[in-house]
Amino acid sequence: MAWSSGGSACAASMSMLRSRRMSTRLSPAASRWNQGRLKRSGSAGTSPAAQAAPPARTGLPRWALFLIPVAVVIWLFVGAPFDINPGVAIPILFGSLIPTVIAAGSYMWNRIVKSLRFSIAGTPDGIRVGFGLLSTSNETLPPGRIHSISLTQPLLWRPFDWWEVKVNRAGMSNAEAAAGRSNTTLLPVGSREDAFRVVELVLPAASDPALRQLIEEGLAPGTPEDHFTTSPRRAAVLRWFSWRRNGFAVRDVAVALRRGAIWRELVLVPSARIQSVDVHQGPLLRALRLAAVKVHTVTGPVATHLGALDRDDAETLFREAGTVAVSASEAEGSDRWGQASDGTTS
């Protein structure tokens, strides 16, 4: 499945979907425009390759630290091939537990400190974000830097209707991310109205009543009457609880991806920020006549993929997302810095 040379039509065929993988890219003109946009929106002295590359990660993930004391307990009291004196086992247990408690406490403390005195506001230069209790940090996100938005709600937050808002942003190099200067959280925790106000700052079209209703449906459990195309019943093999909610909706300004039943999440990808769309099938998905779709943007904490869709619905999302991406990329101008009204660059 590929775009025509003019970027105005998409040739779709089910035979290509059966070939396990298909991918679409924007037209050559739109691709050159996106590359120029990344250069204009990047930080001075930072190459586009460094901006798009994911942050370097070293060491074990945080969740692995919690498994260390569990493994030690199992080994000491279940899997040990010989009897161990409690006077020896207890020091070993505490020796493995204390570092884990310190690491978990440090992580929670940093998260709480960064979440206090949190503020966000729109300015002429972009979106200004401030946070910190002991030391305040402020950062301004210029136009065109936010490539996807995620609204998430854990199960324990549901009685209070609290939400967290995160974004994928461009223009952050590996060195800056490693130094801790990459802030992708726009709302650590807030009410539904707070989340809507933040979304309207980064996606002004969200103030439109039709899109506002779509976002409301994206935050809801999901019903057959809403505007989302959801997974079929046979997808329950892979999505035990969330197949009724797992779905998508395509609008001119954004593509909405809704997933999760216990941990609810709604992802909004502005159409002008879509870099490519990818559809794939593994052996299990092909046997169930399902497919998975990934909408490519810059790397970040927001996952812009959706699985366990009906094969025909996946092809529809592939085609419609590509169409709105090309149209929006050609018409979008929020990051055309210093451009005169006649189209020339000042």
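Note that the structure is predicted; figures quoted are calculated from it, not measured.

Analysis parameters
Residues numbered from 1 in each chain as written. Predicted model: local features only at pLDDT ≥ 70, side-chain atom pairs only at ≥ 80, totals over all residues. Heavy atoms only, no water. Helix = DSSP H or I, 4+ residues; strand = E, 2+ residues; numbered from the N terminus. Salt bridge = Lys/Arg side-chain N within 4 Å of Asp/Glu carboxyl O. Buried < 20%, exposed > 50% of the residue type's maximum accessible area, 1.4 Å probe, protein only. Contact = heavy atoms within 4.5 Å.

J.: Give me the lowdown on unusual backbone geometry, citing residues and values where you can.
T.: Backbone geometry follows two general trends: most residues other than glycine have a negative phi, and most peptide bonds adopt the trans configuration. The phi dihedral of R289 is positive, around 60 degrees, even though this residue is not glycine. Unlike most non-glycine residues, A308 shows phi in positive territory, near 60 degrees. Within the secondary structure, A308 sits in strand β16 (residues 305–310).

J.: For the pattern of salt bridges, give the residues involved together with the corresponding values.
T.: Counted by the stated rule, this structure contains eleven salt bridges. For R258, the salt bridge is made with D226, and the minimal N-O distance between the two is 3.0 Å. On the criterion of sequence distance, the pair formed by R258 in strand β12 (residues 254–259) and D226 in the loop between α9 (209–219) and β10 (229–230) is long-range, its members being 32 residues apart. Of the two residues, R258 and D226, neither departs from the other in class, the shared state being buried.

J.: Residues and numbers for the environment of R233, please.
T.: Considering the arrangement of structural elements, one finds R233 in the loop between β10 and β11 (247–250). Residues R233 and W243, ten residues apart in the sequence, show an inter-C-alpha distance of 7.0 Å. With sequence-adjacent residues up to four places away left out, R233 is seen in contact with W243 and R244.

J.: How would you summarise the environment of L214 if you had to cite specific residues and measurements?
T.: Inspection of the secondary structure assignment puts L214 in helix α9. Apart from the residues lying within four places of it in its own chain, the contact partners of L214 are H227, F228, A249, R251 and A256.

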